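# Residue-level structure breakdown
These are the residues of each chain, in order.
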Amino acid sequence: MAALKRTKIVQLLSAEEIGNLVKVKGWVRTKRENKNVAFIALNDGSVIHNLQIVADPTEIEEEVLKKITTGACIGVVGKVVASQGKGQKVELAAEKIEVIGTANPEEYPLQPKKHSLEFLREIAHLRPRTNTFGAVFRIRHAMIFAVHSFFNDKGFFNVHTPIITGSDAEGAGEMFRVTTLDPLNPPLNEDGNINYKEDFFGKETNLTVSGQLEGELAALALSEIYTFGPTFRAENSNTTRHLAEFWMIEPEMAFYDLDDSMDLGEEFLKYLTQYALDNCADDLAFLEKRLLEEEKGKPQKERSEMTLTERLRFIVENDFVRLTYTEAIDILKNSKPNKKKKFQFLIEGWGADLQSEHERYLVEKHFKKPVILTNYPATIKAFYMRLNDDNKTVRAMDILFPGIGEIIGGSQREERYDVLKQKIEAMDIPAKDVWWYMDTRRFGSAPHSGFGLGFERMMQFITGLNNIRDVIPFPRFPGSADF
Ligand code: 4AD
Ligand code: MG
């Protein structure tokens, strides 16, 4: 007989027939045994469910049986049988068990009990072996796949924009420097400053905060493109919604005005949410239960009115509310938390930058729906946003989500060379940094728009996990770059 190939547990549970002889491999979650029978819960990460292995302890060497502990990796050959117990339709009657990798129970940090997310963050190298993180990472994959399928179906082209950049034109945040100079002994100019001409690229370089500017170059040739890459921000933001390294999806579309772009953004978020509902049901069911249990510990007032899947369905089924920044300021100025001075940042009047507390008030308390805010003051937005005829506001749009705040930021871009030139001069952006960007406005310029979706913020929404550090495998944030 040819050697038996490994069957994944997801396959076994959905397709294998009773009586089939199969081989599985995975990590032991629990083992219970008495003299007559041993039950092993085995998980191989292919699906949230464990496979129950039933073994006759007298048929297995004592040495082997001893090594089957929580966390150990084993391989099992056995027959698929109908399950006697509750909770699963089939189980595996073991004929042969092989220990592939032991896990000393005295030292293995993951015990078969609930660990806090904070604790698991400290052992991020092992947390993928928990139900919660298994679910998160499988959903993360599904969402990545859905992003590409959404744009591919629409005829958008994926563009890889550079990660190392020589310009800080976007101004989206503090940047991480990229250098090969010796920090203890850098080459100096005559004036005593570091001479970056001697650095690897012959100039100062950083990790990118966004692929947008390069994305625009591509859109003004291929019409509709999107980027999906890592972006880096060195702000000291120790919040549950900020990472120093995160992934962003940035579509950029020639011939789209702001309304077209809002339509696309809304359709995109609904598509991703529906994709999760359709394709991640088991993992979502687990996360929903987890969330319900977590909420039991909270005072009634703080519990969310909807379950996780209800929240997801709510997004798919409701139109997003669209209003201008000016309208939002009116609402916020007259809101209870503003009048009672409950906001940390009080809204005094037009021109104020909105904080996450204001965004969440609009979404969660006032409209109780996702909100798209448009036409922000030019002074609080980036240089490339298209100036409105009022000369005061720009065609920006932010999409705000319940529990998250800003999930998408975007705009129609300034396509008029002269207006853009004035803008960069007024903002002191060096022409030598953006000449290539300006060239697209000199040669065949066209109205165009785009936006950026923070992938981890979307993941937070889909999984219901409150901290952004729990939806990326290896979070980077101030003071932490372990693993
Ligand atoms: O609003 P932002 O800064 O927009 C841009 O970078 C534009 N270039 C996008 C474009 O028009 N092409 O960032 C876009 C989104 C935010 O709405 C948020 O979801 C996410 O990126 N984001 C972060 N996510 C995690 N950690 C951070 N530090 C983030 N900063 C922004
Ligand atoms: Mg923004």
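If you're wondering where the values come from, they're calculated on a predicted model, not measured in any experiment.

Turning next to the domain arrangement of the protein chain. Domain annotation for the protein chain reports domain 1 (9-101) and domain 2 (129-174 + 209-470). Spacing between the C-alpha centres of domain 1 and domain 2 amounts to 45 Å. The interface is formed by eight residues belonging to domain 1 together with eight residues belonging to domain 2. Note on domain 1 versus domain 2: buried area summed over both sides is about 630 Å², and carbon and sulfur give 43% of it. If you sort the residues of domain 1 by the area they bury against domain 2, Trp27, Arg29 and Ile48 come out on top, with a joint share of 69%. Where domain 1 touches domain 2, the interface holds five residue pairs in polar contact (both at pLDDT 80 or more).

Turning to the packing of helix H4 (residues 131-153) against helix H6 (residues 258-279), a few remarks are in order. It is the contact of H4 with H6, at a shortest axis distance of 10 Å, that shows an interaxial angle of 135°. With respect to H6, the element H4 is oriented oblique. Considering only the axes of H4 and H6, their crossing is right-handed. Between H4 and H6, the residues in contact are Ala142, Met143, Phe145, Ala146, Val147, Ser149, Phe150, Phe151 and Asp153 and Leu264, Glu267, Phe268, Tyr271, Leu272, Tyr275 and Ala276, respectively.

The next thing to look at is helix H13 (residues 431-442). Between the first and last C-alpha of H13 there are merely 14 Å, a value that for twelve residues lags more than 12% behind the 16 Å anticipated at 1.5 Å per step. Residues Asp433, Val434, Tyr437, Met438, Thr440 and Arg441 constitute the buried set of H13. Seen from one end, H13 has its buried residues packed into an arc of 140°, which puts them on one side. Exposed positions of H13 whose direction lies more than 90 degrees from the buried face are Ala431, Lys432 and Trp435. Each element contacted by the buried residues of H13 is listed here: helix H5 (212-222), helix H12 (417-426) and strand E16 (448-454). Gly444 sits one or two residues past H13 and shows a positive phi near 65°.

About the thresholds
- Residues numbered from 1 in each chain as written.
- Chains lettered and ligands numbered in written order.
- Predicted model: local features only at pLDDT ≥ 70, side-chain atom pairs only at ≥ 80, totals over all residues.
- Heavy atoms only, no water.
- Domains from an automatic or database assignment.
- Contact = heavy atoms within 4.5 Å.
- Buried area = accessible area lost by both parts, 1.4 Å probe.
- Polar contact = N/O pair within 3.5 Å; in protein donor to acceptor, adjacent residues only side chain to side chain.
- Axes fitted to C-alpha atoms, helices over the stretch in contact; angles between N-to-C directions.
- Helix = DSSP H or I, 4+ residues; strand = E, 2+ residues; numbered from the N terminus.
- Parallel < 35°, antiparallel > 145°, perpendicular 65-115°, else oblique.
- Left-handed = near helix turned anticlockwise from the far one by under 90°.
- Expected span 1.5 Å × (residues − 1).
- Buried < 20%, exposed > 50% of the residue type's maximum accessible area, 1.4 Å probe, protein only.
- Arc of directions from axis to C-beta.

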